[in-house]
Amino acid sequence: MLGATMSEAARIVLFGVNGQLGHCLVNAFTDAGYEVTGIDRAGCDFARATAKEIAVIIRAVEPQMVINAAAYTAVDLAESKTAIAMRINAELPEMIAHACREQSIPFLHFSTDYVFDGMRGAPYAADAPTNPINAYGSSKLAGEVGVAKHGGHIVRLQWVYANRGKNFYLTMKKMLAARDELRVVADQLGAPSHAEHIAAAVVMAAPRMIDGQVPAGIYHLAASGHTSWHGFACAIAAAMGSAARVVPIITAEYPQPAARPKDTRLDTRTLASYGITMPHWRDGLAHAMKAPHADS
């Protein structure tokens, strides 16, 4: 494993260890034999940490790779909490990227499909022009710029969910169990991506990023296939055996503080050329439904 011996596992520093993706990354990397040092907000105040503090945290571990899964993901709140969104989504990752460059350590940062406006009408390639239409997307794009400046790897994700935390999947499960009818937006397209499948793909990618086979740059990673939020909700209902009606509506019928892009399907062929892919989104849902204590 990249120079690691049987007596010394490769070391990973993971920021954002307690998030839904961070939790899955810890499990996946640990299972793969890595030594993971998880950094949460108790160990590093993401809203106030200085560049020097970030550098000290990383240097103390001397890792083979640093991964940032910390993010401000409250899309609607970001419209009024722009300062904290920019701090966590833009300033923090740039500080981590700078420290990694200074210490010659590969850095992987996660971004989002919300850097696009959703108007293309076809899947977005990694080099497609960006044009975020909400504050969250703008903060994530600023983070990409900062990370790229210091030679980091950037992986854009979309519609991430897991069996913990706050996400569409868990919300739908609760609502389908409690209501006879749900109204769900049907004119936004993407690929629901299970965090465990994302983590498995990242574990595959990490050694190649460390040794330079996958060079620094922007990549897209998402489940194969695509659907709408309504389609995802219908699939969840079917998997639950729910008799609730899932009524399709358009975005305009469900007003929210932050605008949402309509079609942010991601072209994942670049990572696929390195053998790094994810299963179909329906396989991700089937996997999630089999998990014990799925709502915990």
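Rules used in this analysis
- Residues numbered from 1 in each chain as written.
- Predicted model: local features only at pLDDT ≥ 70, side-chain atom pairs only at ≥ 80, totals over all residues.
- Heavy atoms only, no water.
- Helix = DSSP H or I, 4+ residues; strand = E, 2+ residues; numbered from the N terminus.
- Rg over C-alpha atoms; globule rule 2.2 N^0.38 Å.
- Contact = heavy atoms within 4.5 Å.
- Areas by Shrake-Rupley, 256 points an atom, 1.4 Å probe, with all protein chains shown as cover.
- Lys, Arg positive; Asp, Glu negative; His and termini not counted.
- Charge placed at Lys NZ, Arg CZ, Asp CG, Glu CD.
- Expected span 1.5 Å × (residues − 1).
- Buried < 20%, exposed > 50% of the residue type's maximum accessible area, 1.4 Å probe, protein only.
- Core = buried A, V, L, I, M, F, W, Y, C linked by side-chain atoms within 4.5 Å.
- Arc of directions from axis to C-beta.
- Polar contact = N/O pair within 3.5 Å; in protein donor to acceptor, adjacent residues only side chain to side chain.
- Salt bridge = Lys/Arg side-chain N within 4 Å of Asp/Glu carboxyl O.
- Axes fitted to C-alpha atoms, helices over the stretch in contact; angles between N-to-C directions.
- Parallel < 35°, antiparallel > 145°, perpendicular 65-115°, else oblique.
- Left-handed = near helix turned anticlockwise from the far one by under 90°.
- Nonpolar A, V, L, I, M, F, W, Y, C, P; charged D, E, K, R; others polar.
- Pairing = 2+ DSSP bridges.

How do you make sense of the overall build of the chain when you look at a structure like this?
When helices and strands are tallied, the chain shows 9 helices and 12 strands. In terms of C-alpha radius of gyration, the chain reaches 19 Å, essentially the compact-globule figure of 19 Å for 296 residues. In terms of its C-alpha atoms, the chain occupies a principal-axis envelope of roughly 55 × 40 × 40 Å. A sequence separation of at least 24 residues applies to 83% of the contacts in the chain between residues at least 6 apart. Counting only carbon and sulfur atoms, one obtains 53% of the accessible surface of the chain, whose full area is about 13100 Å². Once the 26 positive and 26 negative side-chain charges of the chain are each reduced to a mean point, those two points are 3 Å apart.

So what exactly am I meant to see when it comes to helix H7 (residues 229-240) here?
Given 3.6 residues per helical turn, the α-helix brings residues three or four places apart onto the same face. If you check H7, its first and last C-alpha atoms are 16 Å apart, about what 12 residues at 1.5 Å a residue would give, namely 16 Å. Those residues of H7 that fall on the buried side of the exposure criterion are Trp229, His230, Gly231, Phe232, Ala233, Ala235, Ile236 and Ala237. Residues of H7 that are buried sit in contact with strand E6 (160-161), helix H5 (168-178), strand E7 (181-185), strand E11 (227-228), strand E12 (245-249) and helix H9 (281-290). Downstream of H7 by a residue or two, Gly241 has a phi angle that is positive, lying close to 75°.

Hey, could you run me through the nonpolar core in this one?
The nonpolar side chains of a soluble globular protein tend to be buried, and buried together. Of all hydrophobic cores here, the largest spans 56 residues; its most connected members are Leu25, Phe29, Ile67, Phe110, Val202 and Leu221. Sort the elements by how many residues they give to this core and helix H6 (residues 195-210) lands first, with 9 residues. Not counting residues within four places of it along the chain, the set of residues in contact with Phe29 comprises Ile12, Tyr34, Val36, Ile67, Val202, Val203 and Ala206. Phe46, Ile54, Leu92 and Val147 belong to the second largest nonpolar core, which has 32 residues in total.

Mind showing me how you'd approach H5 here?
All of the buried residues in H5 are Tyr169, Leu170, Met172, Lys173 and Leu176. Projected down its long axis, H5 shows its buried positions confined to an angular sector of 160°, all on one face. For H5, the exposed residues set more than 90 degrees away from the buried face come down to Lys174 and Ala178. Considering only its buried residues, H5 is in contact with E6, E7, H7, E12 and H9. Structurally, the start of H5 carries an N-cap: the backbone nitrogen of Tyr169 is 3.2 Å from a side-chain oxygen of Asn167.

Got a minute to help me understand the side chain of Thr264 in this structure?
For Thr264, the position within the fold is in the loop between E12 and helix H8 (269-272). Those residues in contact with Thr264 that sit more than four places away from it in its chain are Asp113, Phe116, Gly118, Tyr124, Gln158, Trp159 and Leu189.

Teacher, can you tell me more about the side chain of Lys140 here?
Positionally, Lys140 belongs in helix H4 (residues 135-149). Here Lys140 is buried and forms no salt bridge, its nearest opposite-charge partner Glu144 lying at an N-O distance of 7.6 Å. Residues contacting Lys140, with those up to four places away along its chain left out, are Ala71, Asn89, His109, Phe110, Ser111, Thr112 and Val115.

What should I look at first to understand the packing of helix H3 (residues 82-102) against H4 in this one?
Packed helix pairs are characterised by how far apart their axes lie and by the angle those axes make with each other. Between H3 and H4, whose axes approach to 8 Å, the crossing angle comes to 15°. Overall, the two elements H3 and H4 adopt an arrangement that is roughly parallel. Two packed elements cross with a definite hand, and for H3 against H4 that hand is right-handed. Each of Thr82, Ala85, Met86, Asn89, Ala90, Pro93, Glu94, Ala97 and Arg101 in H3 lies in contact with H4, whose residues at this interface are Ala135, Tyr136, Ser138, Ser139, Lys140, Ala142, Gly143, Gly146, Val147 and Lys149. Looking at side-chain class alone, the contact of H3 with H4 contains 9 nonpolar, 6 polar and 4 charged residues.

Where do I start with the packing of H7 against H9 in this structure?
Where H7 meets H9, the closest approach of the two axes is 11 Å, and the angle between their N-to-C directions is 40°. Of the possible angle classes, the one that applies to H7 and H9 is oblique. Crossing of H7 against H9: the hand is right-handed. For the pair H7 and H9, contact is made by Gly231, Phe232, Ala235, Ile236, Ala239 and Met240 and by Trp281, Arg282, Leu285 and Met289, respectively. Counted by class, the contact of H7 with H9 contains 8 nonpolar, 1 polar and 1 charged residues.

Help me understand the pairing of strand E1 (residues 11-15), please; the structure alone is not making it clear to me.
For a regular strand, the rule is simple: side chains alternate between the two faces of the sheet. Buried residues dominate E1, accounting for 5 of its 5 residues. Residues Arg11, Val13 and Phe15 of E1 are buried on one face, and the alternating residues Ile12 and Leu14, pointing to the opposite face, are buried as well. Where E1 and strand E2 (residues 35-39) come together, 5 bridges link them in parallel fashion. For Ile12, the partnering residue across the bridge sits in E2 and is Val36.

Looking at this structure, how should I read unusual backbone geometry?
Among all residues save glycine, negative phi is the norm, and among peptide bonds the norm is trans. Not every positive phi belongs to a glycine, and Ser104 is a case in point at roughly 55°. Note on placement: Ser104 falls in the loop between H3 and strand E4 (107-112). Owing to a relative accessible area of 67%, Ser104 belongs among the exposed residues under this scheme. Even without a glycine there, the phi angle at Trp159 is positive, about 50°. A relative accessible area of 9% means that Trp159 is categorised as buried.

Read these as geometric descriptors, not functional statements.
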